[in-house]
Structure formats: C-alpha cells, structure tokens
Amino acid sequence: MSTPLRLGTRGSALALAQSGHVAAAITAATGRAVELVEVVTAGDRSSAPVQRLGVGVFVSALRDALTAGTIDLAVHSYKDLPTAGANGLVVAAVPPRQDPRDALVATGGRTLAELPPGAVVGTGALRRIAQLHALGLQLEVTPIRGNIDTRLGRVLGPDADLDAVVLARAGLARIERTDVITETLDPMLMLPAPAQGALAVECRADDSDLVELLSALDHAPSRAAVTAERALLATLEAGCSAPVAAYAELAEGENGDEIYLRGAVISPDGSRDLRLSRTGTPADAAEIGKALAAELLELGADSILGHEGSTGPGTQQFGSTE
C-alpha cells in the first residue's frame, strides 16, 4: 500500500487539473498516495478538426497504457469516452459532476442575445454549432480547436479575432477561469453534450482491490445521470457528424428520486431540431435513455443521423473537454 498509484492523464492544463483533483480525492478518501503520469494521445498531436480524427482520439493511448500496466488508473472527461466499453477495463468511479452547462465568453461582457447579427462565434463542437444556428440569431459560427487558453485568446487576447467562444463551463471551473464567463447558457438554449462535466475514473477490471478502493469516489446521482445520457447516445448510434445533446437531472419526486432526461438531435445547419424529454427512476437510468432515443428515432432522428453519416454502434461526437 506504500507504492503510489500511477494515474494516467493527458498533459493539458485542464486534464492535469481534473486528474489532480481526482488524485487528491483518492488520497483524502483512502490515504493512498497517487502520482500523475502524462500520456500523449493522438488528439494532442493533431490540429485536425476533432470529428475527423476518429472515435476515442483522446482516450485510446490512456487505455493502451492501462492495458499494458504502465499506469494503474486513468481519468477521462466522460464525454470523450466511446459509448462501447473497452475489454478488460471498467469505469470504477464517477466523481460528483461539475455544472454540465455551456458557457459564453464574449467581448464587452455581452450575453448571447446581445451579440449583433454577423458576430463571429467560435466553438469546437458540432453540437454547439448546430444549436447556435437553430437559435436563428444570424451569427457567424466557426469551428475552432486548441486548449482553453488558446480559445480564450481568440476573444480576450491581444490578437483576438472572434466576438465570442462557447466552452464547457466545467472546464473553465476546473482551471479556475469562471471569471471570464459572460453568460452561462440555459439548457433550453444550449443542451449539453452527453456526460459533459463528468469524469470517468477507469482501471483494469481484474484489479479488484483498486476497483473497491476507487468506489469511495463514486457519486451515485452523477453516475445515474451520465448513464441515462450515454444510453440515449448509444441507442441513436450517433456518429461524429451528427450533433446529439442530452441532459439528465435528478430531483425528488412524489415516490423518491426521479431522473428528468432531455435529449435532442439537431442538423448541423440548425434547420431540423428534434427535442424530447422523459422521466423515470435512477435505477432505470439506462432504460430511460434507450426509450427517449427510440422516441427521437420515431420522429425522424434517423434521417438526420443517416444524412450526416452515422458511423455505427459505439461512436460518438467529441468536444475534447473544452
């Protein structure tokens, strides 16, 4: 027990911050020391648009290191994980989820409604691009990549060339930059990505001692919400070019806790926007997600997904923790 656990992480400021939080939580809950081990992924080495890089671009190198035994556990932004599980690995803990909403950072402290027609807004996620178009605000939306500081520099830096960017609020919170947010976007305007704001702590399934140790970090409400959202995504078989959004909230109902799940499928140009919701118990989280996906498919979501090139089971859109 005196040997530190080796926690694999990407080397970005955000990845190191969230891995550091998990490491501290492990030590606080169990007394076990943890050391961070940086792992470079294909996504970190490429400047290509995320949707062109393939499924699991920010995940596979960490999983390879886990399987090879060079690290003991890995921390992922849960929304980066393919919906298909990895053989021999298990998500042993889902820590308490950060605020999953999206955030606007705009020049002049402006909100989304205050941006003039023609304002240029940058984001790396097709889901956000589609929803911005669907709002009909006549904004010019452009895809961008890079870490959080790079994206913020496009708005706030000396060489700023954008009027605003849209990022995950959770990422800004984890690197203590919420001060730059000019508006936290209501999910009615911008529904988050499935599992946005949640972390997945993964280890080898046969390491029973570590699986048990990590269970101390697991937050049942966060796991239930993420399970519902990802079940919807998996059932839709959404590819990287098919913007899918989902947001599950847990609230106290008449007969105990309930999940309220909202899901959406939006065409990239915003011209087709299907949105539905469904409720149920946390124990039925996966079934709620599957049922809501089935309803979306009945309304024609398959035509949006098929037109945009669904790539089959286990695929997913990725925003890479921004």
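All chains use their own residue numbering, which begins from 1 and follows the written sequence. Note on the predicted model: pLDDT of at least 70 is required for a residue's local features to be given, and 80 or more for side-chain atom pairs to be given and counted; whole-chain, interface and lining totals, by contrast, use all residues. The basis for every side-chain value is the complete set of non-hydrogen atoms in the structure, without hydrogens or water.

**Q** Sorry if this is basic, but what is going on with the overall build of the protein here?
**A** Looking only at helices and strands, the protein has 11 helices and 13 strands in total. When contacts within the protein are restricted to residue pairs at least 6 apart in sequence, long-range pairs at least 24 apart make up 70% of them. If you sum the accessible surface of the protein, you get close to 13,200 Å²; carbon and sulfur atoms cover 49% of it. Under the DSSP-based scheme used, a helix requires at least four consecutive residues in state H or I and a strand at least two consecutive residues in state E, with every element numbered from the N terminus. Every residue pair with non-hydrogen atoms within 4.5 Å of one another is taken to be in contact. Computed with the Shrake-Rupley method and a 1.4 Å probe, the accessible areas treat only the protein chains shown as cover for residues.

**Q** Would you explain a negative patch on the surface in this entry?
**A** Surface patches are drawn from residues lacking salt bridges whose relative accessible area is over 30%; two like charges belong together within 9 Å, two nonpolar side chains (Val, Leu, Ile, Met, Phe, Trp, Tyr) within 5 Å. Any carboxyl oxygen of Asp or Glu within 4 Å of a side-chain nitrogen of Lys or Arg constitutes a salt bridge here. For the charge count, each Lys or Arg is scored as positive and each Asp or Glu as negative, with His and the chain ends excluded. Throughout, a charge is located at the NZ atom of Lys, the CZ atom of Arg, the CG atom of Asp or the CD atom of Glu. Residues E252, E254, D257 and E258 make up a contiguous surface patch of negative charge. Note on placement: E252 falls in strand 11 (residues 244-253). The buried label goes to any residue with under 20% of its type's maximum accessible area, the exposed label to any with over 50%, and the partly exposed label to all in between, with areas taken from a 1.4 Å probe on protein chains only. Taking the relative accessible area as the measure of exposure, E252 reaches 74% and is therefore exposed.

**Q** Could you clarify how one ought to interpret the pairing of strand 7 (residues 140-143) in this entry?
**A** Strand pairing requires that DSSP identify at least two bridges connecting the strands. Across 4 bridges, the pairing between strand 6 (residues 120-123) and strand 7 is parallel. Directly across from V120, in strand 7, lies its bridge partner E140. Running through helix 5 (residues 126-134), the crossover from strand 6 to the neighbouring parallel element strand 7 is right-handed. With the strands pointing away from the viewer, any crossover whose connection runs clockwise from the first strand over the helix to the second is right-handed.

**Q** Sorry, what's going on with the sheet that holds strand 4 (residues 89-93) here?
**A** To summarise the sheet geometry, strands pair through backbone hydrogen bonds and adopt either a parallel or an antiparallel arrangement. The 5 strands lie next to each other as 2-1-3-10-4, forming an open sheet whose pairing is mixed. Of all strands in the sheet, those with a lone pairing partner are strand 2 (34-38) and strand 4, marking the two edges. In this sheet, neighbouring strand axes are inclined to one another by 35° on average, regardless of whether the strands run parallel or antiparallel. All axes are obtained by fitting lines to C-alpha atoms, using only the stretch in contact for helices, and the reported angles, taken between N-to-C directions, cover 0 to 180 degrees. Contacting strand 1 (5-9), strand 3 (73-77), strand 4 and strand 10 (199-204), helix 4 (residues 60-68) crosses the sheet at an angle of about 165° to strand 3.

**Q** Honestly, the sheet that holds strand 6 in this entry has me stumped. Any pointers?
**A** The strand order 7-6-8-5-9 describes an open sheet built from 5 strands, whose pairing is mixed. For this open sheet the edge positions go to strand 7 and strand 9 (183-184), each flanked by a neighbour on one side alone. Contacts between helix 6 (residues 148-156) and the sheet are confined to strand 5 (102-106) and strand 8 (164-168), with strand 8 contributing the most and set at about 155° to the helix.

**Q** Honestly, the confidence of the model for the protein in this entry has me stumped. Any pointers?
**A** Interpreting fine coordinate detail is not advised for predicted regions of low pLDDT. Values of pLDDT, which run from 0 to 100, indicate the predictor's confidence residue by residue. Here the protein averages 88 in pLDDT, while 88% of its residues score no lower than 70. With pLDDT under 50 throughout, residues 43-55 is counted as low confidence; its partners more than four residues away or in other chains account for 27 contacts. Contacts for the low-pLDDT stretch residues 307-322, under 50 throughout, to residues beyond four places or in other chains number 65 contacts.

**Q** I'm lost on helix 4 in this one. Help?
**A** At 3.6 residues per turn, the α-helix brings residues three or four places apart onto the same side. Among all positions of helix 4, only A61, L62, R63, A65 and L66 are buried. On its buried side, helix 4 packs onto strand 1, strand 3, strand 4 and strand 10. Positive backbone phi, at 85°, marks G69, one or two positions downstream of helix 4.

**Q** Can you help me understand the pattern of salt bridges in this one?
**A** Side-chain pairing between opposite charges can occur once the charged atoms of the two side chains come close. Counted under the stated rule, the structure contains 17 salt bridges. With its nearest N and O atoms 2.9 Å apart, the salt bridge here joins R6 to D72. Highlighted residues: R6 in strand 1 and D72 in the loop between helix 4 and strand 3, separated in sequence by 66 residues. With relative accessibility at 26%, the residue R6 sits in the partly exposed group.

**Q** So what exactly am I meant to see when it comes to unusual backbone geometry here?
**A** Keep in mind that most residues, glycine aside, have a negative phi and that most peptide bonds are trans. Residues other than glycine seldom take positive phi values, yet Q138 does so here, at roughly 60°. Here Q138 lies in the loop between helix 5 and strand 7. Judged by relative accessible area, which is 58%, Q138 ranks as exposed. One non-glycine residue, E176, lies in the positive phi region at around 60°. Following the sequence through the fold, E176 ends up in the loop between helix 7 (169-174) and strand 9.

**Q** Honestly, the packing of helix 9 (residues 220-236) against helix 10 (residues 285-298) in this entry has me stumped. Any pointers?
**A** When two helices pack together, their arrangement is captured by the angle between the axes and the distance separating the axes. At a minimum axis distance of 7 Å, the contact between helix 9 and helix 10 shows a crossing angle of 35°. Where helix 9 crosses over helix 10, the handedness of that crossing is right-handed. Mapping the contact onto sequence places A224, T227, A228, A231, L232, T235 and L236 in helix 9 and A285, A286, G289, K290, L292, A293, L296 and L297 in helix 10. Classes in brief: Ala, Val, Leu, Ile, Met, Phe, Trp, Tyr, Cys and Pro nonpolar; Asp, Glu, Lys and Arg charged; the others, Gly included, polar. When grouped by side-chain class, the residues that make up the contact of helix 9 with helix 10 number 11 nonpolar, 3 polar and 1 charged. By convention, the crossing between two helices is left-handed when the near helix turns anticlockwise from the far helix through less than a right angle, and right-handed when the turn is clockwise.

**Q** Explain the nonpolar core here, please?
**A** Most often, soluble globular proteins keep nonpolar side chains buried together rather than apart. Among the buried residues, those of types Ala, Val, Leu, Ile, Met, Phe, Trp, Tyr and Cys that are joined through side-chain atoms within 4.5 Å form a nonpolar core. By size, the foremost hydrophobic cluster in this structure holds 22 residues, and its most contacted members are L232, L236, V244, I259, L261, V265 and L296. At the level of elements, helix 9, strand 11, strand 12 (256-266), helix 10 and helix 11 (301-307) are the ones that each hand at least two residues to this core. The element best represented in this core is helix 9, accounting for 6 residues. When sequence neighbours within four positions are dropped, the list of residues in contact with L236 reads V244, V265, A293, L296, L297, A301 and L305.

**Q** Hey, could you run me through the pairing of strand 10 in this one?
**A** When a strand is regular, its side chains alternate between the sheet's two faces. Most of strand 10 sits out of view: 6 of its 6 residues are buried. In the sheet, strand 3 pairs with strand 10 via 5 bridges, with the strands oriented antiparallel. Paired with V75 across the strands is V201, a residue of strand 10. Sheet topology note: the strand 4/strand 10 ladder contains 4 bridges and is antiparallel. Paired with V90 across the bridge in strand 10 is C203.

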